[in-house]
Amino acid sequence: VKSDEAFERLVQAWREDRLAQAYIVDSPDIDGALALVGRFLQVAHCESESGPCGECASCRQVEEGRHPDAIRIEPQKKSRIISVDQVRELQRLIYMTSFAGGWKSCVLVCADRLGQQASNAFLKTLEEPPPRSVFFLATDSPQALLPTILSRCQRIVLSESAAAMTGSLRERITEILADDSPGGLVGGLAKGDQLVALLKELKESVAEREHEAMDEEAGEREKDVLEARIDARYKAVRTAVMRVVESWYRDVLLVSCGVREGLANPDHLAAVQGQAEKGGYRVAMQSLQRVEQMSRRFERNMQEAQVLGLGFCRLGW
Ligand SMILES: [Zn+2]
């Protein structure tokens, strides 16, 4: 869902007193997740009935991250892990009576970085939460959380943010798709190969960034968490890449129907038009379906080179 929509739903649940105990805010862009939570916390902690007023002491404290009833924990700088001591401190604070006499909230930034002991301790808190409390777990890799934690949280999945897809990456993808020399089967295979190579490069850079951020003395458990993170982050990137590929073939389909407005890749109109004219509506429709099929095959963990190789040689350009 879009952030605004998620916000409206949270506020409505809050006003109707049917807020869940805990939410996972799943977003490829952690800042996007935190922005949503921050907006909601102003509503939850504001002193005015119709809040957030943005002016009362509570609103200002939430905005500045120093509201005594709004607890926030994030991974330690050095280990990049949320430690069990941090969770114990959270427990101490959350079971204390609310300062303002209202709700207590707790935000876990990068909740997927809970270490094993910390996860178990946090699970206990979720199992016996104090009344009038709500938890937000902001993460870009919910797969790395304990299933027992996942099962106790309602999930808010924010739609793809701009962060996962930079302009230059989008440009590289669309250039591969725009290149029609050679055409036909050979051209299709070449596109598949180039996308496989691009994905490989993206995976390496995700792994590199994560390893760089890792403490050298990290234990085995932390290494497992790291591998899960790399895998989850890479899959988010791959999904974003496939969205661009889908948007390309949706454009081809639209243009083949004579539509020129609202295209996702207007910079490549000439190439899109060429492909639309060459195959016509029927081929464009099949192509889009085949690209969607490739995305589904990735979700079933089929091998990338095989999915893209087979998929693109059947696209029919
Ligand atoms: Zn206020």
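A quick note: this is a predicted structure, and the numbers were derived from the prediction, not measured. (Residues numbered from 1 in each chain as written. Predicted model: local features only at pLDDT ≥ 70, side-chain atom pairs only at ≥ 80, totals over all residues. Heavy atoms only, no water.)

Brief notes about the packing of helix 1 (residues 3–15) against helix 2 (residues 30–45)
- One way to put it is that helix 1 packs onto helix 2 with a least axis distance of 10 Å and a crossing angle of 25 degrees. Classified by the angle their axes make, helix 1 and helix 2 are roughly parallel. Regarding helix 1 and helix 2, the two cross each other, and that crossing is right-handed. Residues Ser3, Asp4, Ala6, Phe7, Leu10, Val11, Trp14 and Arg15 of helix 1 lie in contact with helix 2, whose contacting residues are Leu36, Arg39, Phe40, Val43 and Ala44.
- Looking at the contact of helix 1 with helix 2 residue by residue, the classes come out as 9 nonpolar, 1 polar and 3 charged. (Axes fitted to C-alpha atoms, helices over the stretch in contact; angles between N-to-C directions. Helix = DSSP H or I, 4+ residues; strand = E, 2+ residues; numbered from the N terminus. Parallel < 35°, antiparallel > 145°, perpendicular 65-115°, else oblique. Left-handed = near helix turned anticlockwise from the far one by under 90°. Contact = heavy atoms within 4.5 Å. Nonpolar A, V, L, I, M, F, W, Y, C, P; charged D, E, K, R; others polar.)

Let's talk about the coordination of the zinc ion
- Within the protein, the atoms that donate to the zinc ion are Cys46 (SG), Cys53 (SG), Cys56 (SG) and Cys59 (SG), at distances of 2.2 to 2.3 Å.
- Geometry at the zinc ion is tetrahedral, judged from its 4 donor atoms and the angles of 104 to 117 degrees they form at the metal.
- Positions of the donor residues of the zinc ion along the chain correspond to the pattern C-x6-C-x2-C-x2-C. (Donors = N, O, S within 2.8 Å, 3.2 Å for Na, K, Ca; no water. Tetrahedral: all angles 85-135°; square planar, octahedral: opposite > 155°, others 65-115°.)

Some remarks on the packing of aromatic side chains
- Tallied over the entire structure, the rule returns 6 aromatic pairs.
- An angle of 15 degrees between the planes, with centres 5.5 Å apart, marks the rings of Tyr23 and Phe136 as stacked. One end of the pair, Tyr23, is in strand 1 (residues 22–26); the other, Phe136, is in strand 4 (residues 133–139), with 113 residues separating them in the sequence.
- Of the residues examined, Phe136 reaches a relative accessible area of 0% and is grouped as buried.
- Its guanidinium or amino end placed over the ring of Phe7, Arg39 lies 3.8 Å from that ring's centre, counting from NZ or CZ. (Phe/Tyr/Trp six-rings, centres within 6.5 Å; stacked < 30°, edge-to-face > 60°. Buried < 20%, exposed > 50% of the residue type's maximum accessible area, 1.4 Å probe, protein only. Lys NZ or Arg CZ within 6 Å of the ring centre and 35° of its normal.)

What to know about a nonpolar patch on the surface
- Together, Leu185, Val186 and Leu189 give the surface a local cluster of nonpolar side chains, amounting to about 270 Å² of exposed area.
- Within the element layout of this structure, Leu185 appears in helix 8 (residues 184–213). (Patch = residues over 30% accessible without salt bridge, like charges linked within 9 Å, V, L, I, M, F, W, Y side chains within 5 Å. Areas by Shrake-Rupley, 256 points an atom, 1.4 Å probe, with all protein chains shown as cover. Salt bridge = Lys/Arg side-chain N within 4 Å of Asp/Glu carboxyl O.)

Some thoughts on the pattern of salt bridges
- Applying the stated rule across the entire model yields 15 salt bridges.
- Arg250 is paired through a salt bridge with Glu246; the nearest N and O atoms lie 3.8 Å apart. Of this pair, Arg250 and Glu246 both sit in helix 9 (residues 220–256), 4 residues apart, roughly one helical turn.
- Relative accessible area serves as the criterion here: at 36%, Arg250 is assigned to the partly exposed category.
- A residue is classified by how much of its surface remains accessible, and Glu246, at 15% relative accessible area, is buried.

Considering unusual backbone geometry
- Although it is not a glycine, Cys110 adopts a positive phi angle of roughly 55 degrees.
- Structurally, Cys110 is set in the loop between strand 3 (104–109) and helix 5 (116–127).
- On the basis of relative accessibility, which here comes to 17%, the residue Cys110 falls in the buried class.
- Phi angles above zero are rare outside glycine, and Arg132 is one such case at about 55 degrees.
- Turning to its location among the elements, Arg132 is positioned in the loop between helix 5 and strand 4.
- With relative accessibility at 45%, the residue Arg132 sits in the partly exposed group.

Brief notes about helix 4 (residues 84–95)
- Counted at 1.5 Å a residue, the expected span for helix 4 with its 12 residues is 16 Å, and the 17 Å between its end C-alpha atoms agrees.
- At its buried positions, helix 4 is contacted by strand 2 (70–73), strand 3, helix 5 and strand 4. (Expected span 1.5 Å × (residues − 1).)

Digging into the nonpolar core
- By size, the foremost hydrophobic cluster in this structure holds 37 residues, and its most contacted members are Ile173, Leu195, Val245, Tyr249, Leu308 and Phe312.
- Of all the secondary-structure elements, those providing two or more residues to this core are helix 7 (167–178), helix 8, helix 9, helix 10 (269–299) and helix 11 (304–313).
- Take this core: its biggest share by element is 13 residues, from helix 9.
- Not counting the four nearest positions on each side in its chain, Leu308 is found in contact with Gly192, Leu195, Val196, Leu199, Met242, Met294 and Phe298.
- By size, the runner-up hydrophobic cluster in this structure holds 29 residues, among which are Ala20, Val62, Cys110 and Phe136. (Core = buried A, V, L, I, M, F, W, Y, C linked by side-chain atoms within 4.5 Å.)

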